[in-house]
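# Reading the structure
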Amino acid sequence: MKDASIMTLLRQDGPFATGDAPPAPAAFSREAKEFAARLRSEGLITRYRVLRDQICSLLGTENIADIHRIRKDPEVRERLEKRTCLMLGNMFGFKGRDREIIAQIKGCSATADSVIRFLKSTVMRAHASHIEITNEIDVTSNPAELLLINIDPRYHKKARFEAKRKLVLMLLAGAIEQRERETGIEKRFADFLDFLNDNVWNPEVKIGDLDLVYLLSEHNPDDYGCRAVRVISPDEAAAVSPEANRKLTLVKRRRFTSPTGDIPIYVSIRRKGAEAKVLKLLRKGRENPAIAVDDELGLMGVVDSISEVKMFQKHLAACTARAKTFMGLEDLSDTLAGGGYRGNTGSSGSTAMLKFFARMEGMRVEFIIHTNKSYIDYIYRRGVAHEEYEIKRLFDTGVIPLLFPGDIYRLDHDRLRDDLLRECRNRIETPMALP
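Residues numbered from 1 in each chain as written. Predicted model: local features only at pLDDT ≥ 70, side-chain atom pairs only at ≥ 80, totals over all residues. Heavy atoms only, no water.

### What to know about the overall build of the protein chain
This is how the line gets drawn: Under the scheme used here, helices are H or I runs from DSSP no shorter than 4 residues and strands are E runs no shorter than 2 residues, and both carry numbers assigned from the N terminus. Each accessible area is a Shrake-Rupley result for a 1.4 Å probe, and residues are judged covered by the shown protein chains and nothing else. For this count, His and the chain ends are skipped, Lys and Arg are scored as positive, and Asp and Glu as negative. Just so you know, the charge point we use is NZ for Lys, CZ for Arg, CG for Asp and CD for Glu.
On a plain count of helices and strands, the protein chain comes out with 18 helices and eight strands. C-alpha extents for the protein chain along the principal axes are approximately 80 × 50 × 40 Å. Here the protein chain has roughly 21,600 Å² of accessible surface; of this, 50% comes from carbon and sulfur atoms. With 70 positive and 63 negative side-chain charges, the protein chain shows a spacing of 3 Å between the two charge centroids.

### Looking at the nonpolar core
Let me state the cut-off plainly: Nonpolar cores were defined as sets of buried Ala, Val, Leu, Ile, Met, Phe, Trp, Tyr and Cys residues, with membership established by side-chain atoms within 4.5 Å. Only protein chains enter the calculation, and the probe is 1.4 Å; a residue is then buried if its accessible area is under 20% of its type maximum, exposed if over 50%, and partly exposed in between. We call two residues contacting when some pair of their heavy atoms lies within 4.5 Å.
Membership of the largest hydrophobic core comes to 88 residues, with the highest contact counts inside it found for Leu59, Met124, Leu169, Leu282, Leu403 and Phe404. Residue contributions to this core peak at 11 residues, all from helix 8 (residues 157-183). The residues touching phenylalanine 404, leaving out its near neighbours within four places in the chain, are Ile116, Leu119, Ile131, Arg165, Tyr409, Leu411 and His413. The next biggest cluster of nonpolar side chains, apart from the first, holds 28 residues, and it includes Val200, Ile265, Val309 and Phe356.

### So, the confidence of the model for the protein chain
Applied cut-off: Residue-level confidence of the predictor, termed pLDDT, takes values from 0 up to 100.
Averaged over the protein chain, the pLDDT score is 88; the fraction of residues at 70 or greater is 94%. Taking the mean pLDDT of every element in the protein chain, the minimum, 76, falls on helix 3 (residues 64-71) and the maximum, 97, on strand 1 (residues 211-219).

### Let's talk about the pairing of strand 7 (residues 354-360)
Here is the rule we go by: Pairing between strands requires that DSSP locate at least two bridges from one strand to the other.
Of all seven residues in strand 7, six are buried; the element is thus mostly enclosed. With seven bridges connecting them, strand 7 and strand 8 (residues 363-371) associate as antiparallel partners. Directly across from methionine 360, in strand 8, lies its bridge partner methionine 363. Linking strand 7 back to strand 8 in an antiparallel pair, the connection comprises two residues, with glutamate 361 at a positive phi of about 50°.

### Observations regarding the sheet that holds strand 8
Hydrogen bonds between backbone groups are what pair the strands of a sheet, and the pairing can be parallel or antiparallel. The following threshold applies: Axes here mean lines fitted to C-alpha atoms, for a helix over just the part in contact, with angles spanning 0 to 180 degrees between N-to-C directions.
With respect to topology, eight strands assemble into an open sheet ordered 2-1-3-4-5-8-7-6, the strand pairing being mixed. Whereas interior strands pair on both sides, the edge strands pair on one side only; in this sheet they are strand 2 (226-232) and strand 6 (328-334). If you compare each strand with its neighbour and ignore which way they point, the axes differ by 30° on average. Bridge analysis of strand 1 against strand 2 gives six bridges, and the strand direction is antiparallel.

### Let's talk about the packing of aromatic side chains
For clarity, the threshold we go by: Here a Phe, Tyr or Trp ring, Trp counted by its six-membered ring, pairs with any other such ring whose centre lies within 6.5 Å, and the pair is stacked when the planes are under 30 degrees apart, edge-to-face when over 60, and tilted otherwise. Note on criteria: charge over ring means Lys NZ or Arg CZ within 6 Å of the ring centre, with the direction from the centre no more than 35 degrees off the ring normal.
Scanning all chains against the criterion turns up nine aromatic pairs. For the pair phenylalanine 161 and tyrosine 409, a centre-to-centre distance of 6.4 Å together with 75° between the ring planes defines the contact as edge-to-face. Separated by 248 residues along the polypeptide, phenylalanine 161 in helix 8 and tyrosine 409 in helix 17 (residues 406-409) bring together distant segments of the chain. In this structure, phenylalanine 161 and tyrosine 409 share a single accessibility class: buried. Seen in terms of ring centroids, tyrosine 375 and tyrosine 378 are 6.3 Å apart; in terms of plane orientation they differ by 20°. Their pairing is stacked. Placement of the pair is tyrosine 375 and tyrosine 378 together in helix 14 (residues 372-380), with a separation of three residues, close to one helical turn. Of the two residues, tyrosine 375 and tyrosine 378, both sit in the buried class. Sitting over the ring of phenylalanine 357, arginine 364 keeps its end group 3.9 Å from the ring centre.

### Quick notes on the state of the cysteines
What counts is decided by this rule: Cysteine sulfur atoms are paired as a disulfide whenever they fall within 2.5 Å.
Within this structure, the stated rule accounts for zero disulfides. Not part of a disulfide, cysteine 85 finds its nearest cysteine sulfur in cysteine 108, a span of 9.6 Å. Under the relative-accessibility criterion, cysteine 85 is labelled buried at 0%. Here cysteine 226 is not disulfide-linked; the sulfur of cysteine 424 is the nearest cysteine sulfur, at 18 Å. Exposure remark for cysteine 226: the relative accessible area of 4% places this residue in the buried category.

### Description of the pattern of salt bridges
The condition that has to hold: For this document, the term salt bridge refers to a Lys or Arg side-chain nitrogen within 4 Å of an Asp or Glu carboxyl oxygen.
Within this structure, the stated rule accounts for 38 salt bridges. Through salt bridges with shared partners, a single ionic network connects Arg11, Asp13, Arg38 and Glu42.

### Observations regarding unusual backbone geometry
Of note in this structure, tyrosine 224 is not a glycine but carries a positive phi near 60°. Tracing the backbone shows tyrosine 224 in the loop between strand 1 and strand 2. You will see that aspartate 331, though not glycine, has its phi angle at about 50°, which is positive. Turning to its location among the elements, aspartate 331 is positioned in strand 6.

### Considerations on the packing of helix 4 (residues 74-91) against helix 5 (residues 98-121)
Put simply, the test is: Here is the rule for angles: anything less than 35 degrees is roughly parallel, anything more than 145 is roughly antiparallel, 65 through 115 is roughly perpendicular, and the remaining ranges are oblique. Residue polarity is assigned by list, with Asp, Glu, Lys and Arg as charged and Ala, Val, Leu, Ile, Met, Phe, Trp, Tyr, Cys and Pro as nonpolar; anything else, Gly included, falls into the polar class.
In the contact formed by helix 4 and helix 5, the axes pass within 9 Å of each other and the chain directions differ by 80°. What the angle tells us is that helix 4 and helix 5 run roughly perpendicular. Where helix 4 approaches helix 5, its residues Glu81, Lys82, Cys85, Leu86, Leu88, Gly89 and Asn90 are matched on the opposing element by Asp98, Ile101, Ile102, Ile105 and Lys106. For the contact of helix 4 with helix 5, the per-class residue count stands at six nonpolar, two polar and four charged.

Have a look at this one:
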């Protein structure tokens, strides 16, 4: 049996593909018979029945044929906006008055749009005009209206696909919002920051007081891997001239205290936004955020050497012990001293890092620790650079083809992937002076 998740609805090579014209209402037409045969051949009969019943329930109809009648009745369509928003809101456990629940559903609509805008401004920015959302779909946040657009012959194929896509992304966004509310992610994130400030960083340094330094790195011309790296001051960096195979990278460092003295560490605290979580669900092909999104809280740290990586890990364990809690380590992976990294689709086996999940203080936090050298490779090395990885995993997991099908957006995905990676490398390897 093929994948029967909600993402199946977006596949343009599947039975739910958006055609040049919406499906005919006649139950015994040749088109309907071919559709039924396709569902049977792909093992999606149950998925279709569930989908049909859900649509009828939302729209208050007995059968699919009645939906075409609703489409032509403006008064019924107006009443359906409130009905569908409240039903979906109750499904996701949204609380409040009717208008507050409706506002939360419209917030899911905004998240659905922001997923596309996020891709448009990042990975797909060089081809932003190709994936522009149709104006009418962009301004529609009513689930009932989006459903009805799918069967409205006045709308072009692209607009009807985008209406369906927006509905699917809204449902994923609603599931994520429900999960965040159930897990109290806002409080957990604040608690994590408090734990770091109270226990991990040097208490004699004011919160937010960071040391600004630059990493001056020299790169191998064959793979742009880091050949050598040293820490220099801003004044020294100002005197560095742009050259091929050389990079200046700004890092703002905190300090933690070890038995040998204070050790500087660059820290990036990460909390996944709603757009990133929706994309992760799509990459994983899962509808349940509790299963697919296991790294909501994260910290990336960069220190000068492997010995300091070990010092930080030991310091973290000591800090949790002083806070009267045990730190359990899960899914530990250390490739800083060599060995192949086994990551997600699109990642490189040459990636070097210490990665683990720490269970502490009632939280599960992902830690990624780099040395200066591995961090420079993480940013710049060919095949390893995180910006390249972002492109590869979105294409190689099928997310870009799913959200922007080639037949609708006139995109050759294989060629586009290669073009984006080439543009990415050109951008990374172009010599640049200080801003």
